[in-house]
Amino acid sequence: MASILDSESSASSDVFQFHHTPSYCEENVYLVCKKLCADGVADVSDLFVVFISNEHKHIPLWHQKASHRADGIILWDYHVICIQRGKEGKSVALVWDLDSTLPFPSTLASYVSEGIRPSFELFSEFQRVFRVVHAPLFLRYFASDRRHMKDSEGNWMAPPPEYKAIVAEDGTVHNLNQYIEMSTKDVLKDIKDSSVNAVFTKQLGVLVGESQLEQFFSCISR
């Protein structure tokens, strides 16, 4: 991930207990999913990895730590967050974003209204698309050898994590590009059972628009 511009949950967590490497949000989220499960905070079946981008690789988000502005706005090429689905009548959906200045975690409703701001009028090139991937599939198939973080001369654009690169269970060493390639024309036309349920079987998940995100997660709450 590279920058292009220089009631909250009672289950609040200490953000400093989570491993975080700036500019490697996809790996940070991979580790967040593993830690939430290992600590008994969430069941892996309730976690979803959400890639945010578009065909132009220009997506604005607010309340981001990397921003130098008071409102925390920054323009990313892509960003990745973890969403924990709510359980009907018991809890609400939560967003785990180590790069955000919002509470960790935040409710999905507050993260959308404050961090995504779908009501804010944007030119079409800044419209955000969300690739929702079920965490069990992501943890099994995702791989990154970090090639996207090297310049044309092979130098790191940001220091990489100290641990080894993530390799998929089938031996794939890099497929990040498949997750961040997305277009507004490919988002779900309707949020209905058949399209929502596809997220549990498709390796690369499903694409939803920014006006559909909360509705999508309300459909898969259980």
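Residues numbered from 1 in each chain as written. Predicted model: local features only at pLDDT ≥ 70, side-chain atom pairs only at ≥ 80, totals over all residues. Heavy atoms only, no water.

As recorded in an unreviewed UniProt entry, the chain goes by Protein N-terminal glutamine amidohydrolase and comes from Ambrosia artemisiifolia. Note on the chain: under the UniProt heading Catalytic activity (unreviewed entry), the record states "N-terminal L-glutaminyl-[protein] + H2O = N-terminal L-glutamyl-[protein] + NH4(+)". Annotation of the chain in UniProt includes, under Subunit (unreviewed entry), the sentence "Monomer." (UniProt positions renumbered as here; feature names shortened; annotations may be inferred.)

Undergrad: Outline the pairing of strand 1 (residues 47-53), listing residues and values.
TA: Along strand 1, seven of the seven residues are buried, which leaves the element largely enclosed by surrounding structure. Residues of strand 1 alternate between two faces, with Leu 47, Val 49, Phe 51 and Ser 53 on one and Phe 48, Val 50 and Ile 52 on the opposite face, all of them buried. Note that strand 1 and strand 4 (residues 79-84) share six bridges and pair antiparallel. Note that in strand 4 the partner of Phe 48 across the bridge is Ile 83. As paired elements, strand 1 and strand 7 (residues 129-134) share six bridges and run antiparallel to each other. Looking across to strand 7, one finds that Val 49 is bridged to Val 133. (Buried < 20%, exposed > 50% of the residue type's maximum accessible area, 1.4 Å probe, protein only. Helix = DSSP H or I, 4+ residues; strand = E, 2+ residues; numbered from the N terminus. Pairing = 2+ DSSP bridges.)

Undergrad: So what about the packing of aromatic side chains? Which residues, and what values?
TA: Considering all chains together, one arrives at 14 aromatic pairs under this definition. Taking the centre distance of 5.0 Å and the plane angle of 80° together, the rings of Phe 18 and Phe 104 count as edge-to-face. With a gap of 86 residues between them, Phe 18 in the segment before helix 1 (25-38) and Phe 104 in the loop between strand 5 (94-96) and strand 6 (106-107) connect regions that are remote in the sequence. In this structure, Phe 18 and Phe 104 share a single accessibility class: buried. Here a set of aromatic residues connected by ring pairs shows up, and it is made of Tyr 30, Phe 51, Phe 138, Phe 142 and Tyr 179. Positioned above the aromatic ring of Phe 18 is the side chain of Lys 35, whose terminal nitrogen or guanidinium carbon lies 5.5 Å from the ring centre. Taking the ring centre of Trp 156 as reference, the NZ or CZ of Lys 150 above it sits at 4.7 Å. (Phe/Tyr/Trp six-rings, centres within 6.5 Å; stacked < 30°, edge-to-face > 60°. Lys NZ or Arg CZ within 6 Å of the ring centre and 35° of its normal.)

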